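The residues making up each chain are set out below.
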Amino acid sequence: MAKQNKQTKQNKKAPSKKNTDVLAGRIQNIAWFYIMLFLALFPLLYDMNKYLAITKGKYNYFVFFTLSFAFVLAFLYFATMLTGSIRFTSPLPLAKKASFMQIAMAAYVLVAIISALLSDYPEYVWIGSGRFDGLFTILLYALLFYMVSFFGKPSEWFVVGIGGALTIFSLIGLLQLWNVDILTLYPAGQTYPELPFVSTIGNIDMVATYLCTALPILCVAAVTSEQWWRYLLLIPIALGMYLEVLIDVDAGKVGLLTSALVLIPMLFRNKKQIMDGLLVLATIVFTVALGYATDITRTNLGDGSLNIETAFSFTGLHKLLIGAAVLFLLIYAALRLYKGEFKVNPRLLTAVLAGLILIALVFGLVYVYNHSEDTSNRLMYEVGQIMHGNFDDSFGSSRMFVWKRALPMALEGPLFGTGPDTFLPVFTTAFGEDLKAAGINVVFDFAHNDFIQIMCNLGPIGLIAYLAILIGAAIGFFRYGCKDRWTLMLGASIIGYCAQSFFSFTIIITAPLFYVMLGLLDGCHRRNRELRKQEAE
């Protein structure tokens, strides 16, 4: 009898599996809600002061969303524990199961803390020198990554949220190009392109960053999804591509092209994916042709008003692109009429497509090298000149000026860098006279290259930790991407983001989406590893 009473007491104290499962379900629901906030709402939010405080507004929203996410999770856990539904468990077992990306992120955070403590610029390291990129922001990025990685799970609603946000975002931006500022975001008397800001993100470089993050995931979703609404994703894809062409940001072109070159060999692996892929390609190619054929003329009438005239000039290249889009649609129609399922070796098809892309890339580089004196296309001209060894300071809108000085500065600087977000005071102090001599009237608070920026602020050790995170993401992407559509989708987004970041910088306006994608991708990697272990057993 005493033994039975003892057993009964133990059963009352022990948390049931049902209670644990209920808690896990609630936590996942909370994670889903906050991930949706970042993917579908965050890009569209802005401060009441609009473009005058766009960065500050995004920063405030980011801090509120991230800290409230953490608070709600902690409150739910401890409230459930106090009711006796679950017991307190040590976090050590969870730490022992940490993924490579999670460990690398911890190392990155540790380096950032050490860098801040050793910095000669303590007034900047916590919040930052102007764009809120200090240690506090880095800690919140890591917190967001861990919460999404541990508790977030991919959902088709995320695709819907990204597609809806990009549609609204692109429409707002496109209307502004035609001087229709429906949200009155511009300061009085200013408009595009005098102020190169569009939509609810502002700076066109940051707009390109957002497009490089959102468009690849939508393209892969449109090809791999079985849902009927996948065809509706062609709308935000077309609008986003049209906006990118019209704002003409080279970093965005590089990011999207890099993502496409990596994705195409991994994406077309059966009849359905080939058909849907042809639709996506036709949409992109036609939109690009239309964008480059669009000529917007803005004339100031002198009374404060602006006259907008739009013309479409289709040259031979534009017609060739439209012809390619029509060809893709004809092949799609033929495959749709053919009811049989044709057998195709996915690995062979991947190898063939990769080979064709490599050959095209080589021929493209040879062409650029041989036409390095052709100034009709700025990007091709500058790449050709660089291939011939000419690293002129003016290239990349004076980015080359910064890189040629910032890279040696980082290599010769402290092992842990000068501190989070201290690039502005350090670079200005070191090269202020060079800026005046070159006649460059631009404040460089960033290196306009994420990797050089990190090495300057956090030192070589910080860059190694950051690269370790990306390497962990890349290993899982190439290992599971062809088998798991979410790995492919999230990896595509991260590739686009990282490729454009060679010519841009991480900032609070767009970086939260990157860390959400990283967290979701790490969660996919861990689930895929567990699934592989189960299959092996």
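You'll find the structure just up there.
Here's a quick rundown of the structure. In every chain, residue numbers begin from 1 and rise along the written sequence. Local features are withheld for residues below a pLDDT of 70 in this predicted model, meaning they are given only at 70 or higher, and side-chain atom pairs are given and counted only at 80 or more; totals for whole chains, interfaces and linings count all residues. Values reported for side chains reflect all heavy atoms of the structure, with hydrogen atoms and water molecules removed beforehand.

Regarding empty space enclosed by the protein
- Buried and open spaces are told apart on a 1 Å grid over the protein atoms alone, a cavity being a set of points where a 1.4 Å probe fits but cannot get out and a pocket being an open set with protein on both sides within 12 Å along at least five of seven lines. Residues with an atom within 4 Å of a point are the lining residues. Grid points are joined across faces, edges and corners, and a volume is the space filled by probe spheres set on the points. Taken as a whole and judged by the stated rule, the model has three cavities of 30 Å³ or more.
- Estimated volume of the largest cavity: approximately 180 Å³.
- Along the walls of the largest cavity sit 14 residues, with Tyr108, Asp133, Ile138, Ile454 and Thr506 positioned nearest its centre.
- Helix and strand definitions here come from DSSP, where helices need a minimum of 4 consecutive H or I residues and strands a minimum of 2 consecutive E residues; each element is numbered from the N-terminal end. Contributions of two or more residues to the lining of the largest cavity are made by helix 7 (135–151) and helix 18 (450–480).
- Sort the elements by how many residues they give to the lining of the largest cavity and helix 18 lands first, with six residues.
- Split by residue class, the lining of the largest cavity holds eight nonpolar, three polar and three charged. Throughout, the ten residues Ala, Val, Leu, Ile, Met, Phe, Trp, Tyr, Cys and Pro are labelled nonpolar, Asp, Glu, Lys and Arg are labelled charged, and all others, Gly among them, are labelled polar.

Brief notes about the nonpolar core
- Take the buried residues of types Ala, Val, Leu, Ile, Met, Phe, Trp, Tyr and Cys, join any two whose side-chain atoms come within 4.5 Å, and each joined set is a nonpolar core. Buried means the residue's accessible area, taken with a 1.4 Å probe over protein chains only, is under 20% of the maximum for its type, while exposed means over 50%, and partly exposed covers the values in between. By size, the foremost hydrophobic cluster in this structure holds 155 residues, and its most contacted members are Tyr108, Phe427 and Tyr515.
- If one sorts the elements of this core by residue count, helix 9 (residues 204–224) sits on top with 16 residues.

Side note on helix 19 (residues 485–500)
- If you check helix 19, its first and last C-alpha atoms are 23 Å apart, about what 16 residues at 1.5 Å a residue would give, namely 22 Å.
- With 15 of 16 residues buried, helix 19 lies mostly within the body of the structure. To estimate the expected span of a helix, subtract one from its residue number and multiply by 1.5 Å.

Let's talk about the pattern of salt bridges
- Salt bridges are identified by distance alone: a Lys or Arg side-chain nitrogen within 4 Å of an Asp or Glu carboxyl oxygen. By the definition in use, this model includes seven salt bridges.
- Note that aspartate 248 and lysine 253 form a salt bridge whose closest N and O atoms lie 2.5 Å from each other.
- Looking at lysine 253, the relative accessible area reads 24%, which means it is partly exposed.
- Bridged by salt links that share partners, the residues Arg230, Lys272 and Asp276 form one connected network.

Structural measurements only, silent on function.
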